[in-house]
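An overview of the molecular structure
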Amino acid sequence: MDFKKSQKLYKKGLVHMVGAVNSPVRAFASVGGNPLFIKKAKGSQIIDVDNNKYVDLVLSYGPMILGHRHNKVQKAIHKALKNGYTFGASTENEIKLAEIVCDAFPEMDKVRFVSSGTEAVLSAIRLARAFTGHDKLIKFAGCYHGHSDALLVAAGSGLATLSIPGSKGVPNDAVKNTLIAEYNNLDSVKKHIDEHKDIAAIIIEPIGGNMGVVLPQDNFLKDLHELAKAHGILLIADEVMTGFRSKFGGAQELLGVTADITCLGKVVGGGFPVGAYGARNEIMEMVSPLGPMYQAGTLSGNPIAMASGIATLRELKRQDPYAEFNKVGERLKAAMLFAASENNVDLKVNRFGSMINPFFTKTEVVDFKTAQTSDTKKFGIFFWEMIKNGVFLPPSQFEAWFLSSALSEEDIQKIEKAIQVAMKAVASYNK
Ligand SMILES: *Cc1c(COP(=O)(O)O)cnc(C)c1O
């Protein structure tokens, strides 16, 4: 396996692109080496410009839950393309996608479509502030909610990998209303609530996915919602990653919890730029044109993206792959733990539904602090061995791997074999 064309394109890309990538998670900063350039993908497979073939566990960081270019999605997109690309006026497909989304998330009476997860979350926060009349916000360390100013504090994802505490260019004023709590620690939330009377919202990834996979413990989410309710604070579930992925109704359906405002992205567009935020009528009626909270978008509800989203969600509902995801996920978890114990590698594996990833540590990973005990050097070695054995993983310790319903038995065995080889390589680094 060689990466000559990728290397060539990387050098070329550096001239007019920042780091040759349009999103920092795509850079290989924490695993070493140069990023791969992709030529195409189909089903469970992704192919780079050097014609290396991989089983894809990145899936564009989640959206491609059916695998790449599913026939039904492709057909729907082609059909939509014939009618035009964008109109600046409503189309019937927006209503159809809104129906599917509101059916899946019963707490949503109405939904507004935007073009990214970042936009969905920043709008949801504006909405919570408009509705409560308060400014403060509680977020959890290690949770990532997109790159808007107020949320670039103690965020996970690319920021975790690059160890940037926040970001340059974010004024102190923009984050002064953001309070940080610890994941799975209700007392850390209570402390803020005791100290501040003007909290608009608590925002959380109901299943942590941007510090690696971190599961909510026991009744943490239920207690959090009770606590919020008791103080007139809105709970925002950032389900940009987990929506339609944990279950059709997201982490909320899987865990039997609810939130006041829900944010979606990734799967909802089936690979096209769609984000969404929604809530009960009373809250959504704050949004312009019904109410005084302004939020807009030239390409919001884009017809091609809506067609892709509708076709993806209909097919996903038909397939109902969630039980299968659990089985495959458990197999990969078992394979990693077995290979680790055979090779005396300290390893914890966190998994929830179709999100999974290993942490090279002895410590149980329950929050951002414990996630950071992972040996990222070992992950880098593991990553490159997986690549060389035909498995495409996110190039970071702090990103979840994703399963698609296109995975075949052959693919799964290929991943299991790659894990055995990669864990051996980690062990020899140990010595
Ligand atoms: C990916 C992600 C976002 C940001 O979505 P973009 O489409 O990248 O802007 C926000 N929140 C969570 C939980 C995410 O996983």
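Quick caveat, the model's predicted, so the values are computed rather than measured.

Here we take up the overall build of the protein. When you go through the protein residue by residue, the secondary structure sums to 15 helices and 14 strands. Here the protein has a C-alpha radius of gyration of 21 Å; the compact-globule value for 431 residues is 22 Å, and the two agree. Viewed in the frame of its principal axes, the protein has a C-alpha envelope of about 60 × 55 × 45 Å. Scored against the burial criterion, the 431 residues of the protein give a buried share of 57%. The long-range share in the protein, meaning contacts at least 24 apart out of those at least 6 apart in sequence, stands at 73%. A total of about 18,700 Å² of accessible surface is found on the protein, and carbon and sulfur atoms cover 51% of it.

Let us look at the site of the ligand. Residues in contact with the ligand, as listed here, are Ser116, Gly117, Thr118, Tyr144, His145, Gly146, Glu205, Asn210, Asp238, Val240, Met241 and Lys266. Contact between the ligand and Gly117: an oxygen atom at 2.8 Å from a main-chain N or O atom of the residue. Lys266 places a polar side-chain atom, nitrogen or oxygen, 2.6 Å from an oxygen atom of the ligand. In isolation the ligand exposes 380 Å². Once the protein is present, 82% of that is buried. Residue composition of the shell around the ligand, by class: three nonpolar, six polar and three charged.

Moving on to the pairing of strand E1 (residues 38-42). Bridge count between E1 and strand E2 (residues 45-48): four bridges; the pairing is antiparallel. Considered in E2, the bridge of Ala41 is made with Ile46. Turn length for the E1-E2 hairpin, with the two strands adjacent in sequence and antiparallel, is two residues, and the turn residue Gly43 shows positive phi of about 60 degrees.

A separate point is empty space enclosed by the protein. On inspection of all chains with the given rule, the structure shows two cavities of 30 Å³ or more. Counted as a void, the second largest cavity has a volume near 60 Å³. In this structure, the second largest cavity is lined by Ile204, Pro206, Leu221, Leu235, Ala237, Gln252, Val257, Thr258 and Ala259.

Over the atoms rolls a probe the size of a water molecule, and in doing so it shows where empty space is left. Looking at the second largest pocket, its volume works out to about 660 Å³. Along its surface, the second largest pocket is lined by 28 residues, and Ser90, Glu94, Val111, Arg112 and Phe113 are the ones closest to its centre. Counting residues per element, the ones that place at least two in the lining of the second largest pocket are helix H3 (92-104) and strand E4 (110-114). Top element by residues in the lining of the second largest pocket is E4. It accounts for four residues. Split by residue class, the lining of the second largest pocket holds 14 nonpolar, eleven polar and three charged.

Right, let's talk about helix H4 (residues 117-132) for a bit. Each full turn of the α-helix corresponds to 3.6 residues, which orients residues three or four apart in the same direction. An ideal rise of 1.5 Å per residue puts 22 Å on 16 residues; H4 measures up with 23 Å between its terminal C-alpha atoms. Taken together, the buried positions of H4 are occupied by Gly117, Thr118, Ala120, Val121, Ser123, Ala124, Ile125, Leu127 and Ala128. Phi for Gly133, located one or two positions after H4, is positive at around 75 degrees.

Considering all chains together, one arrives at 13 salt bridges under this definition. The residue Arg280 makes a salt bridge to Glu282 at a minimum N-O spacing of 3.0 Å. Accessibility expressed as a relative area gives 26% for Arg280, which makes it partly exposed. Glu364 is the partner of Lys348 in a salt bridge, and the nearest nitrogen-oxygen pair spans 3.5 Å. Here Lys348, found in strand E11 (residues 348-352), pairs with Glu364, found in the loop between strand E12 (355-359) and helix H13 (368-371); they are 16 residues apart in sequence, far enough to count as distant. We classify Lys348 as partly exposed; its relative accessible area is 22%. Residue Glu364 is classed as partly exposed on the basis of its relative accessible area of 49%.

In this section: the domain arrangement of the protein. Under the domain assignment, the protein is made up of domain 1 (4-65 + 321-430) and domain 2 (71-319). On a C-alpha basis, the centroid separation for the pair domain 1 and domain 2 is 25 Å. Between domain 1 and domain 2 the total buried area reaches about 2,900 Å² when both faces are included, carbon and sulfur atoms providing 65% of it. Of all residues in domain 1, Tyr322, Phe352 and Phe368 bury the most surface against domain 2, accounting for 25% of the area lost on that side. Between domain 1 and domain 2 we count zero salt bridges in total. Applying the counting rule to domain 1 against domain 2 returns ten residue pairs in polar contact (both at pLDDT 80 or more). For the side of domain 1 that touches domain 2, the secondary structure elements donating two or more residues are E11, E12 and H13. It is E12 that contributes the most residues to the side of domain 1 that touches domain 2, four residues altogether. Each residue belonging to the side of domain 1 that touches domain 2 can be placed in one class, and the counts come to 22 nonpolar, eight polar and five charged.

The next thing to look at is the sheet that holds strand E6 (residues 178-181). Within a beta sheet, neighbouring strands are joined by backbone hydrogen bonds and run either parallel or antiparallel to one another. Spatially, the seven strands line up as an open sheet ordered E4-E10-E9-E8-E7-E5-E6, and their pairing is mixed. Of all strands in the sheet, those with a lone pairing partner are E4 and E6, marking the two edges. This sheet shows a mean twist of 20 degrees between the axes of neighbouring strands, independent of strand direction. Sheet topology places strand E8 (residues 234-238) next to strand E9 (residues 261-264); three bridges connect them, and they run parallel. The residue bridging Ile236 from the neighbouring strand is Ile261, located in E9.

Criteria and thresholds
- Residues numbered from 1 in each chain as written.
- Predicted model: local features only at pLDDT ≥ 70, side-chain atom pairs only at ≥ 80, totals over all residues.
- Heavy atoms only, no water.
- Helix = DSSP H or I, 4+ residues; strand = E, 2+ residues; numbered from the N terminus.
- Rg over C-alpha atoms; globule rule 2.2 N^0.38 Å.
- Buried < 20%, exposed > 50% of the residue type's maximum accessible area, 1.4 Å probe, protein only.
- Contact = heavy atoms within 4.5 Å.
- Areas by Shrake-Rupley, 256 points an atom, 1.4 Å probe, with all protein chains shown as cover.
- Near = heavy atom within 4 Å.
- Polar contact = N/O pair within 3.5 Å; in protein donor to acceptor, adjacent residues only side chain to side chain.
- Nonpolar A, V, L, I, M, F, W, Y, C, P; charged D, E, K, R; others polar.
- Pairing = 2+ DSSP bridges.
- 1 Å grid on protein atoms, 1.4 Å probe; cavity = no way out; pocket = protein on both sides within 12 Å on 5 of 7 lines; lining within 4 Å.
- Points joined across faces, edges and corners; volume = space filled by probe spheres on them.
- Expected span 1.5 Å × (residues − 1).
- Salt bridge = Lys/Arg side-chain N within 4 Å of Asp/Glu carboxyl O.
- Domains from an automatic or database assignment.
- Buried area = accessible area lost by both parts, 1.4 Å probe.
- Axes fitted to C-alpha atoms, helices over the stretch in contact; angles between N-to-C directions.

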